[in-house]
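This is what each chain is made of:
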Amino acid sequence: MFLYIDWNPSATVVAIGISDGSVAVVSVTESGVSLHQQWEGHQFEVWTSSFDCHLPHLVYTGSDDCRFCGWDLRDDPSNAAFQNTKAHSAGVCCITKNPNDPNTLLTGSYDEYLRVWDMRSLLKPVNEKSLCLGGGVWRIKYHPSIPDMVLSACMHNGFAIVDTKASMLEIVETYTKHESLAYGADWQRRKLSNDNADTTHVVATCSFYDKLLRIWRPQFENGA
């Protein structure tokens, strides 16, 4: 079963996390779809696979085996560029590179922590800071125009908007109107109007068992 798919920046290749622990890289062209590379990356389900938006030859994966790994597609991808087996005490659910800072990456885990990593030492990324969000961190989405602000889906604890730039991570807003597992979350990718003064974005969130989609406006932007 394919558990996660992520496009590379040029939208020509996808990285796929698979339920048997393997990782696949597939080329997508007008002529069709073809398998480029596949390797056994983890012992259990690969919940997330993510291209580095600044260095697209790098793919990051996270798994139910609690490992956070990086793979260099220029080399034999079965040899991990790095692997961290100690930081996460439960499965790694999501990995997101900061689109504005090539040195910063975020991970989310079933252990309920959002973690910020310094990737300047690829062989040994440094876990700079972390924050418990009170529920498994299933998805992380960067704000489209406010650097370092992220929206997180926190499974058993609703949704949280977190400022990751602060010396200590800070929750600036929560949303708890779903009554089931908080799974899906994303920002609207454009402003509501052409008025430059209007910086409000709409958020879409969805939950699992009740199949519910909600559209809402964050309050913190109104006072920004």
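These figures come from a predicted structure and were not determined experimentally.

> Which residues make up the overall build of the chain, and what values do they have?
Per the secondary structure count, the chain includes zero helices and 19 strands. What you see for the chain is a C-alpha radius of gyration of 17 Å, in line with the 17 Å of a compact globule of 224 residues. Here the C-alpha coordinates of the chain stretch approximately 50 × 40 × 40 Å along the principal axes. A buried classification covers 53% of the 224 residues belonging to the chain. As displayed, the chain offers around 11,100 Å² of accessible surface, 50% of which is attributable to carbon and sulfur atoms. The chain carries 18 positive and 26 negative side-chain charges, and their two centres are separated by 4 Å.

> Outline the nonpolar core, supporting the account with residue identities and numerical values.
Of all hydrophobic cores here, the largest spans 14 residues; its most connected members are Leu106, Leu114, Leu133, Ile140, Val150, Val162 and Leu169. When contributions to this core are tallied by element, the ones reaching two or more residues are strand 11 (113-118), strand 13 (139-142) and strand 15 (159-163). Beyond its immediate chain neighbours, meaning those up to four positions away, Ile140 contacts Cys94, Thr96, Leu106, Thr107, Gly108, Leu114, Val150, Leu151 and Ser152.

> Describe the pairing of strand 1 (residues 2-7), with residues and values.
Direction of pairing for strand 1 relative to strand 2 (residues 13-18): antiparallel, over a ladder of five bridges. Paired with Asp6 across the bridge in strand 2 is Ala15.

> Explain the sheet that holds strand 16 (residues 170-175) to me, and be specific about the residues and the numbers.
Taken in spatial order, the four strands line up as 13-14-15-16 in an open sheet, and their pairing is antiparallel. Strand pairing shows two members of the sheet lacking a second neighbour, strand 13 and strand 16, which therefore form its edges. Taken over all neighbouring pairs, the strand axes of this sheet differ in orientation by 25° on average, direction set aside. For strand 13 and strand 14 (residues 149-153), the ladder comprises four bridges, and the chain directions are antiparallel. For Tyr142, the partnering residue across the bridge sits in strand 14 and is Val150.

> I'd love a proper account of the UniProt feature "repeat: WD" (unreviewed entry) in the chain, names of residues and values included.
Look at the UniProt record and you will see "repeat: WD" (unreviewed entry) annotated at residues 85-121. The span residues 85-121 shows a helical share of 0% and a strand share of 49%, and its end C-alpha atoms are spaced 16 Å apart.

> Go over the side chain of Ser109, please, and point to the residues and values.
Along the chain, the position of Ser109 falls in strand 10 (residues 104-109). Contacts of Ser109, omitting those with residues within four sequence positions, involve His88, Ala90, Gly91, Val92, Cys93, Arg115, Gly136 and Val137.

> Explain the packing of aromatic side chains to me, using residue names and the numbers behind them.
Each pair of aromatic rings is reported with the distance of its centres and the angle of its planes. For the structure on display, the rule yields twelve aromatic pairs. Ring geometry for Trp47 and Tyr110: centres 6.1 Å apart, planes at 90°, overall edge-to-face. Of this pair, Trp47 sits in strand 5 (residues 46-51) while Tyr110 sits in the loop between strand 10 and strand 11, placing them 63 residues apart in sequence. By relative accessible area, Tyr110 is classed as partly exposed at 27%. Considering the side-chain rings of Trp138 and Tyr183, the 4.8 Å spacing of their centres and the 15° angle between planes classify their relative orientation as stacked. Taken together, the residues Trp138 in the loop between strand 12 (126-132) and strand 13 and Tyr183 in strand 17 (residues 182-187) connect sequence positions 45 residues apart. Trp138 gets classed as buried once you look at its relative accessible area, which sits at 10%. An aromatic cluster of three or more residues is present, and its members are Trp47, Tyr110, Trp138, Tyr183, Phe208 and Tyr209.

What counts, and where the lines are drawn
Each chain has its residues counted from 1, running along the sequence as written. Confidence filtering applies because this is a predicted model: local features only for residues at pLDDT of at least 70, side-chain atom pairs given and counted only at 80 or more, and all residues used for totals across whole chains, interfaces and linings. Side-chain numbers come from the whole structure's heavy atoms, not from hydrogens or water. Per the convention used, a helix needs a DSSP run of H or I reaching at least four residues, while a strand needs a run of E reaching at least two, with both numbered from the N terminus. Every radius of gyration here is taken over C-alpha atoms, with the globule rule written as 2.2 Å times N^0.38, N being the number of residues. The buried label applies to any residue whose accessible area, calculated with a 1.4 Å probe on protein chains only, is under 20% of its type's maximum; exposed applies above 50%, and partly exposed to all values in between. Surface accessibility in these figures is a Shrake-Rupley result with a 1.4 Å probe; residues are shielded only by whichever protein chains are displayed. Working convention for charge: Lys and Arg count positive, Asp and Glu count negative, and His plus the chain ends are omitted. Charge coordinates come from a single atom per side chain, which is NZ of Lys, CZ of Arg, CG of Asp or CD of Glu. The set of buried Ala, Val, Leu, Ile, Met, Phe, Trp, Tyr and Cys residues whose side-chain atoms join them within 4.5 Å is what this entry labels a nonpolar core. By definition, residues are in contact when any of their heavy atoms lie within 4.5 Å. We call two strands paired when DSSP finds no fewer than two bridges between them. To obtain each axis, a line is fitted to C-alpha atoms, and for helices this fit is confined to the stretch in contact; angles are then taken between N-to-C directions over 0 to 180 degrees. UniProt positions are given in the numbering used here, feature names are shortened, and annotations may be inferred rather than shown by experiment. Two rings from Phe, Tyr or Trp (for Trp, the six-membered ring) form a pair when their centres sit within 6.5 Å of each other. Planes less than 30 degrees apart are called stacked, planes more than 60 degrees apart edge-to-face, and all others tilted.

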